[in-house]
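Summary of structural features
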Amino acid sequence: MSVARQIASVDPGDYVPTADERVILSLPWASFEAILALRGDRASPRMAYLDGALELMSPSKSHESIKSYLGRLIEVFCEERGVRFTPYGAWTLKSPLDETAIEPDECYLIGDDQTRDRPDLAIEVIWTSGGLRKLEIYRRLVVREVWIWRKGALEVWVLVDGAYAARDHSDALPEIDLARVAELLDAPTAMDAMRAFRAELRAAQ
């Protein structure tokens, strides 16, 4: 078994108080399943698997803060606009046939049908570079929409005819103002962000 330890790189000039730490192992699918079983219900390390490579990632404080803010703002939007939703956190999504798996930073089922076996929306925070090709994993798992936070902005990727296409708005939540959501991630606390967003949504009605 080969092991490549990766502490993801940071662009020159960027200030990163803590970086996500990754370990990538080259191993067969059966070994990944065994490691997943041994970890059990613990939240860390977060895992992803693609083409014989297993990524074990311990997210930084900053990484977790961004994904938590995003989740709470999505939930405020859904509550205020009457959109039915259920958050599923780092739901382990996997396909033994494709030997592919991932645990999103956050994910949601959206709408009245809450029985689907794949989320309608998955969120990935790219705080530091490196790691597996997450969009390729989501493509093989047929997750219809992925948001990626990177360098202060939100990217939206929507699955169209088996490939992801970049969009300037969300299909899953078409009325949400993504630029404003990204701005609110700089609020001093999650409560401040949620209160500001809720007030703006109510004022817009």
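First, a word on scope: everything that follows refers to the structure included in this document. (Residues numbered from 1 in each chain as written. Predicted model: local features only at pLDDT ≥ 70, side-chain atom pairs only at ≥ 80, totals over all residues. Heavy atoms only, no water.)

Below, the discussion takes up the overall build of the protein. Check the secondary structure of the protein and you find five helices and twelve strands. The buried share among the 205 residues of the protein stands at 42%. Of the contacts formed within the protein by residues at least 6 apart in sequence, a portion of 57% connects residues at least 24 apart. Total accessible area on the protein stands at roughly 10300 Å², and carbon and sulfur atoms take up 53% of it. (Helix = DSSP H or I, 4+ residues; strand = E, 2+ residues; numbered from the N terminus. Buried < 20%, exposed > 50% of the residue type's maximum accessible area, 1.4 Å probe, protein only. Contact = heavy atoms within 4.5 Å. Areas by Shrake-Rupley, 256 points an atom, 1.4 Å probe, with all protein chains shown as cover.)

The subject of this paragraph is the nonpolar core. Grouped together as the largest cluster of nonpolar side chains are 29 residues, with contacts concentrated most on Leu70, Ile74, Trp147, Leu173, Ile176 and Phe197. When residues of this core are traced back to their parent elements, those giving at least two are helix 2 (61–81), strand 8 (106–110), strand 9 (121–126), strand 10 (145–150), strand 11 (153–160), helix 4 (178–184) and helix 5 (190–203). If one sorts the elements of this core by residue count, helix 2 sits on top with eight residues. In this structure, Trp147 is in contact with Ile74, Leu121, Ala122, Ile123, Glu124, Glu155, Val156, Ser170, Leu173, Ile176 and Leu178, ignoring residues within four places of it in sequence. Of all hydrophobic cores here, the second largest spans 16 residues; its members include Ala48, Ala53, Leu132 and Val146. (Core = buried A, V, L, I, M, F, W, Y, C linked by side-chain atoms within 4.5 Å.)

Another aspect to go through is the pairing of strand 9. In terms of burial, strand 9 is largely enclosed, as five of its six residues are buried. The pairing of strand 8 with strand 9 spans three bridges and is antiparallel. Following the sheet pairing, Tyr108 is matched in strand 9 by Leu121. Two elements, strand 9 and strand 10, share five bridges in a ladder whose sense is parallel. Of the residues in strand 10, the one forming a bridge with Ile123 is Trp147. (Pairing = 2+ DSSP bridges.)

Residues of helix 1 (residues 29–39) that are buried include every one of Trp29, Phe32, Leu36 and Arg39, and no others. Viewed end-on, helix 1 has its buried residues packed into an arc of 80°, placing them on one side of the element. Turned more than 90 degrees off the buried face of helix 1, the exposed positions are Ala30, Ala37 and Leu38. Lining the buried residues of helix 1 we find strand 3 (46–50), strand 4 (53–58), strand 6 (93–95) and strand 7 (100–102). (Arc of directions from axis to C-beta.)

With respect to the helices and strands, the residue Glu145 is situated in strand 10. The contacts of Glu145, once residues within four sequence positions are left out, are Asp120, Leu121, Ala122, Val156, Trp157, Val158, Ser170, Asp171 and Ala172.

Attention now goes to the pattern of salt bridges. For the coordinates displayed, the defined rule picks out 20 salt bridges. When the shortest N-O distance is used, the salt bridge between Glu64 and Arg46 registers 3.3 Å. Of this pair, Glu64 sits in helix 2 while Arg46 sits in strand 3; the two residues are 18 residues apart in sequence, bridging distant segments of the chain. The salt bridge involving Arg198 is made with Glu79; its shortest N-O contact spans 3.6 Å. (Salt bridge = Lys/Arg side-chain N within 4 Å of Asp/Glu carboxyl O.)

What follows concerns the packing of aromatic side chains. With the rule as written, the count across this model stands at five aromatic pairs. Aromatic pair Trp29 and Phe32: ring centres 4.9 Å apart, planes at 55°, arrangement tilted. Placement of both Trp29 and Phe32 in helix 1 is noted, with a separation of three residues, approximately one turn of the helix. Relative accessible area serves as the criterion here: at 1%, Phe32 is assigned to the buried category. Their ring planes at 45° and their centres at 5.1 Å tell us that Tyr88 and Trp91 sit as a pair that is tilted. Residue Trp91 is classed as partly exposed on the basis of its relative accessible area, which comes to 22%. One aromatic cluster is present, formed by Trp29, Phe32 and Tyr49 through successive ring pairs. (Phe/Tyr/Trp six-rings, centres within 6.5 Å; stacked < 30°, edge-to-face > 60°.)

With that settled, the discussion passes to unusual backbone geometry. With a phi close to 50°, Glu99 is a non-glycine residue in the positive phi region. Mapped onto the secondary structure, Glu99 falls in the loop between strand 6 and strand 7.

This part is about the environment of Ala122. Here Ala122 shows up in strand 9. For Ala122 and Gly89, which are 33 residues apart along the polypeptide, the C-alpha to C-alpha distance reads 9.1 Å.

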